[in-house]
Amino acid sequence: KMSTTNGNSDLRVNISLSERDAVKLILDFLQQRELHISMLDVERETGIINGSYSEDILFLRQLILDGQWDDVIDFIQPLKTIDSFNAKQFIYIVLKYQFLELLCLKTEAQIENDLSAEQIVKFLNDLRPFAPNEQEYKKLSFLLTLKRLQDHTDYRNWNPSAGRVQCFYEVFPLVHRFLQEYQKSRAEFSKQFDEHEIQRNELQKQFTANPKIRAINDVTKYDSLEDITRSPAFIPLATIEDVQAIRSVDVHPSGKYFAVGSNSKMLRVCAYPDIKNIRTDSLPNQAKVLYKKGKHHLGSIYCMGWSPSGKIIATGSNDKLIKLVRLDMDKPEDESNSTLLIINQDHIDYFFSLSHLDTEIELTHHSGTVRDLIFMHDNSKDDSILLSGGAGDCKVYVTDTKKQTPIKSYSGHQGHIYSIYTWDACNFVSASQDGTSRIWDIRQPECVNVIAARPSNSAVASVAVDSSGQLLAAGYEDSSCLLYDLRGKRVVQSYQPHTNEIRSVRFSIHSYYLLTASYDKKVVMTSLNGDLTKPLVLSTVAAHNDKIIQARWHPHEMSFITTSADRTCIVWAPPLSALSILAQSP
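This is a predicted model, so every value here is computed, not measured.

**Regarding the sheet that holds strand β23 (residues 460–465)**
Note on sheets: strands pair through backbone hydrogen bonds, and any given pair is parallel or antiparallel.
Here comes step 1: Pairing in this open sheet of four strands is antiparallel, and the strands run β23-β24-β25-β26 from one edge to the other. A single partner strand is all that each edge strand has here, and the edge strands are β23 and β26 (490–495). Adjacent strand axes in the sheet meet at a mean angle of 20° when their direction is disregarded.
Here comes step 2: As judged from the five bridges shared by strand β24 (residues 471–476) and strand β25 (residues 481–485), these two strands associate in the antiparallel manner.

**Focus: the environment of glycine 261**
Here comes step 1: When you line up the elements, glycine 261 lands in strand β5 (residues 257–262).
Here comes step 2: Glycine 261 sits 15 residues away from isoleucine 246 along the chain, and the two C-alpha atoms are 6.1 Å apart.
Here comes step 3: Not counting the four nearest positions on each side in its chain, glycine 261 is found in contact with Ile246, Arg247, Ser248, Met266, Ile301 and Met304.

**Points about unusual backbone geometry**
Here comes step 1: We note that serine 479 has phi near 80°; this positive angle belongs to a residue other than glycine.
Here comes step 2: Here serine 479 falls in the buried class, since its relative accessible area comes to 5%.
Here comes step 3: In this model, lysine 489 sits at a positive phi of 55°, which is unusual for a non-glycine residue.
Here comes step 4: Tracing the sequence through the fold places lysine 489 in the loop between β25 and β26.

**Things to note about the packing of helix α5 (residues 87–107) against helix α6 (residues 117–127)**
Here comes step 1: Contact geometry of α5 with α6 gives a least axis separation of 10 Å together with a crossing angle of 165°. One finds that α5 runs roughly antiparallel with respect to α6. Between α5 and α6 lies a crossing of left-handed hand. Side by side, α5 and α6 meet where Tyr92, Leu95, Lys96, Gln98, Phe99, Leu102, Leu103 and Lys106 of the first sit next to Ala117, Ile120, Phe123, Leu124 and Leu127 of the second.

**Some words on the pairing of β25**
Each regular strand displays side chains that alternate between the two surfaces of the sheet.
Here comes step 1: Counting buried positions along β25 yields five of five residues, so the element is predominantly enclosed.
Here comes step 2: Of the two faces of β25, both are covered, the one formed by Cys481, Leu483 and Asp485 as well as the one formed by Leu482 and Tyr484.
Here comes step 3: Remark: four residues form the turn of the hairpin made by β24 and β25, two consecutive strands paired antiparallel; serine 479 in that turn has positive phi of roughly 80°.
Here comes step 4: Two elements, β25 and β26, share five bridges in a ladder whose sense is antiparallel. Note that in β26 the partner of cysteine 481 across the bridge is tyrosine 495.
Here comes step 5: Hairpin connection between β25 and β26: a loop of four residues separates the two successive antiparallel strands, and lysine 489 in this loop has a positive phi of roughly 55°.

What counts, and at which threshold
Residues numbered from 1 in each chain as written. Predicted model: local features only at pLDDT ≥ 70, side-chain atom pairs only at ≥ 80, totals over all residues. Heavy atoms only, no water. Pairing = 2+ DSSP bridges. Helix = DSSP H or I, 4+ residues; strand = E, 2+ residues; numbered from the N terminus. Axes fitted to C-alpha atoms, helices over the stretch in contact; angles between N-to-C directions. Contact = heavy atoms within 4.5 Å. Buried < 20%, exposed > 50% of the residue type's maximum accessible area, 1.4 Å probe, protein only. Parallel < 35°, antiparallel > 145°, perpendicular 65-115°, else oblique. Left-handed = near helix turned anticlockwise from the far one by under 90°.

Structural data, given as C-alpha cells:
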C-alpha cells in the first residue's frame, strides 16, 4: 500500500505468504544459486518439492536423485514404442551422469571404494553407442586423463548431488509431454489389455481343440538319447502376459495360487493350473486371474512374498515402500457375490471369480529400492515377522507386521542387499552387491557367519537354503553358483551352470534338485544326488525369449514358475513320462 506523509511518499508493501509459499521461494533461490545440496536438504525436511510435477515425473525425479540408474532407464521402457520419443538421448544423459559420478568417486582420495580404472573404461565403452556424436564421446574420454574431475573447468564445483539434479533437468523436457499422454491413455489401455486377455482365452480354446497347430517348443528338444533320459522335459502349462517386464512371483503356501508383480506396477493373483495328466503335446493356457490391481505401487514391483498362513501378500518396490495386503484366498466363497473386483487407478472392471480383499498397509522405513522380502516361518504359521532389504542404507529390517513398525535392523553389508532367505523361525541369510552372504540369527545382535566374496568380487544376486538348513546355494552376477555347508562353514563347490548373471536360486521340495534362473534366458536344474564335491549333472529345463528374473518352485509339486523381461510369467511342469523319474529320491 502507498501513503503520503508531509509531502513525502512512502511506498509500503505488505505481502502475505503461506508457509508452503515461503519454502517454495527458498527452494527457488537455492536452485538459482545452484546450491543443490541445500535445496535437497530443505525438500527432505519440509516434504515440499521445488516444482510442480505429475506423479510419474515426481517418481522419475526421485529415482534420479537416489542414483537408481537402472531403474531410471527401466522407467522409460513403455515410451520407447512412441516414434517421437528420443530414447537414445534420454539414455545417453543418464549414462553420462552415472559416468561422471563414478569418475568423481574414483578420484576422491578420501573415499574408499572398489572401483577400478578398467571398470570405468568399460562403462565408458558401453556408453559410446548412445553418444550423439564422436566429439561428445571424446569429451567424456578426456576426463579420464584428469587427476580429479573438478580439475576440469566445466566441473569445478561438481558433486554427485548437483549432478543428479542437473540430470533430472536435462531429461525432463524429453519425457514430460509423453508421460502426460501416457497418464491420459492409461485407463483406456488397461481396459484394452483386459479385453485382449479374454480374447486370448477364446483363441486358446480353439488351439486346444486342434493340437496339430501347436508350435515347436525348443525347450523340449535334446541333442541325444542320453539327454532325454536324464533331462526331463518341463513344458509350459500356463502363461501371464504384461506390457512391461514381469519381475516377481511367489506361490501361495497352499499351492493353489500364485502372485505376480511387474514393472507396469500391476499386482495379480492367479489360480495355479492343474499339473496332473500332462502330456508332451499339452498347450499352455492363459492363467486364470483371480485378483488384479493396477498401479499397486508407484514403481516396479521388485519382490513379493506370501505370509505363512497365506492370508497376507507383501510387495516391495523402487518407490521405497512395502505394501501388505490381506487377501484371504481360502475363505469360503459367498455365492451371493461371485465376481471379482479389479482395481485400477482410473476405472473399475469386473473379472473372473471371487477374491477376498481386506486392508492394505504401507511400510515406509526403507530409504531405497526394496529388493527382497520374506516372512519368517515356523509350524505355528505366524504372520507377524517380515524380513526385508535393498538399496539405501543397506540394512536388513525385521518388521512386526501387527504393529506395522520395524523392531530391529541389521547392519554389515557394504552394498545393496539383493536377496534374503529364511528356513526356520530364527535363522536367515542375506546376499549383497558387496559379494558377501551373511548368516543371521534373529536372537543375536550381529551376524553369526560371513561367506566371503569370491575372487571375482562378483555381487551375490540370489541365495537360498535347503530344507535341512545345512546346504546353502548362492547365485552370482558372474554366472557362477556356490554350494556352501552351513554347519561345517566351508565351500562345497562352485560351478558354472549359466553364461550370464544368475538371478534366482531355489531348492526343490525335499531338496533333490537346485533350480537356477539366469539372464542367459535359461532355467537349469542341478541334480543334488551323490557327492556334491564332484562334477554335477545339469539339465536345461526351461527358457524364455529374454532375461529370466525369478524362478519359484511349487511348495508340494514338481512344478515351478518363471518371470522374465520378455513380459511373460510361465508355469512349468513335467509330463507324466518324466514325473516318475523326478519323483525318485536321489
